[in-house]
Amino acid sequence: HKRIKQVSISKPILYGNTATKFSNVNPIPLNAPKDHTHKWTVFVRDATNNDLSTYISKVVFKLHDTIPNPLRTIESPPFEVTESGWGEFEIIIKIYFHSDGGEKNVTLLHHLKLHPYNDIINIDGKVESIKYDEIVFNEPTEKMFELLTLK
Ligand code: SLL
């Protein structure tokens with residue numbers, strides 16, 4: 001892989017989760033275990049609403065072992081997983097790039113938030129814990145450069 005010297009491209013992303021508590025207006029699904037208290041979605045998305053699939057091939061979310069099939073592989077946008085449950089835990093998020101670009105995967109860690117406290121925004125009973133980050137590609141290969149600059 002030929003690399004382009006002294007070029008750095010960064011891609012803005014958002015990752016995190018939203019959660020809503022089950023209630024009278026937002027009842028627990030009939031097929032959900034009775035101890036589940038929340039519905040939640042964990043996601044990775046582009047911070048500027050561009051299509052991540054131009055350079056990302058898949059996102060793997062490693063959930064808590066108490067959840068059925070904890071390893072979830074998402075191969076096209078939206079890169080997200082929606083589940084119900086009762087507890088907070090660490091989610092390992094692995095972002096894989098198209099293999100012909102010659103880039104290693106990137107690992108992010110997200111603490112799933114269900115309860116509104118600390119830096120959590122709570123709008124209409126919805127809890128959100130979302131972070132902004134930039135994936136930096138230093139001296140990308142020619143192929144990766146092409147994928148990163150596709151419109
Ligand atoms: C801990 N924080 O560290 C806890 C673990 C696990 C949450 C929380 C299971 C959902 C399901 C669920 O919500 N687990 O039954 O599908 O021990």
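Keep in mind that this is a model prediction, so the values were computed, not measured.

**Topic: the site of the ligand**
- Within the structure, the ligand sits among His-36, His-64, Thr-66, Ile-67, Pro-68, Ser-84, Gly-85, Trp-86, Gly-87, Glu-88 and Phe-89.
- At 3.0 Å from an oxygen atom of the ligand is found a side-chain nitrogen or oxygen belonging to His-36.
- Between the ligand and the protein, one listed contact pairs a nitrogen atom with a side-chain N or O atom of Thr-66 at 2.9 Å.
- The fraction of the free accessible surface of the ligand (460 Å²) that becomes covered by protein chains is 69%.
- Partitioning the shell around the ligand into residue classes produces 4 nonpolar, 6 polar and 1 charged.

**A closer look at the side chain of Thr-141**
- Here Thr-141 lies in the loop between β9 (126–138) and α1 (142–148).
- Among residues more than four places away in sequence, those in contact with Thr-141 are His-1, Lys-2, Arg-3, Ile-4 and Gly-101.

**Some details on the environment of Glu-103**
- Residue placement: Glu-103 occurs in the loop between β6 (90–97) and β7 (106–111).
- Judged by its relative accessible area of 22%, Glu-103 is partly exposed.
- Taking the C-alpha atoms as reference points, Glu-103 and Met-144, separated by 41 residues in sequence, lie 7.7 Å from one another.
- With sequence-adjacent residues up to four places away left out, Glu-103 is seen in contact with Arg-3, Phe-97, Phe-137, Pro-140 and Met-144.

**Thoughts on the sheet that holds β6**
- Here we have 4 strands laid out as an open sheet, ordered β4-β3-β6-β7, and antiparallel in their pairing. Of all the strands in the sheet, just β4 (71–74) and β7 have a single pairing partner and so form its edges. Each adjacent strand pair in this sheet contributes to an overall mean axis angle of 20°, direction not counted.
- Pairing between β6 and β7: 6 bridges, direction antiparallel. Its bridge partner lying in β7, Lys-94 is registered against Thr-107.

Scoring rules and cut-offs
- Residues numbered from 1 in each chain as written.
- Predicted model: local features only at pLDDT ≥ 70, side-chain atom pairs only at ≥ 80, totals over all residues.
- Heavy atoms only, no water.
- Near = heavy atom within 4 Å.
- Polar contact = N/O pair within 3.5 Å; in protein donor to acceptor, adjacent residues only side chain to side chain.
- Areas by Shrake-Rupley, 256 points an atom, 1.4 Å probe, with all protein chains shown as cover.
- Nonpolar A, V, L, I, M, F, W, Y, C, P; charged D, E, K, R; others polar.
- Helix = DSSP H or I, 4+ residues; strand = E, 2+ residues; numbered from the N terminus.
- Contact = heavy atoms within 4.5 Å.
- Buried < 20%, exposed > 50% of the residue type's maximum accessible area, 1.4 Å probe, protein only.
- Pairing = 2+ DSSP bridges.
- Axes fitted to C-alpha atoms, helices over the stretch in contact; angles between N-to-C directions.

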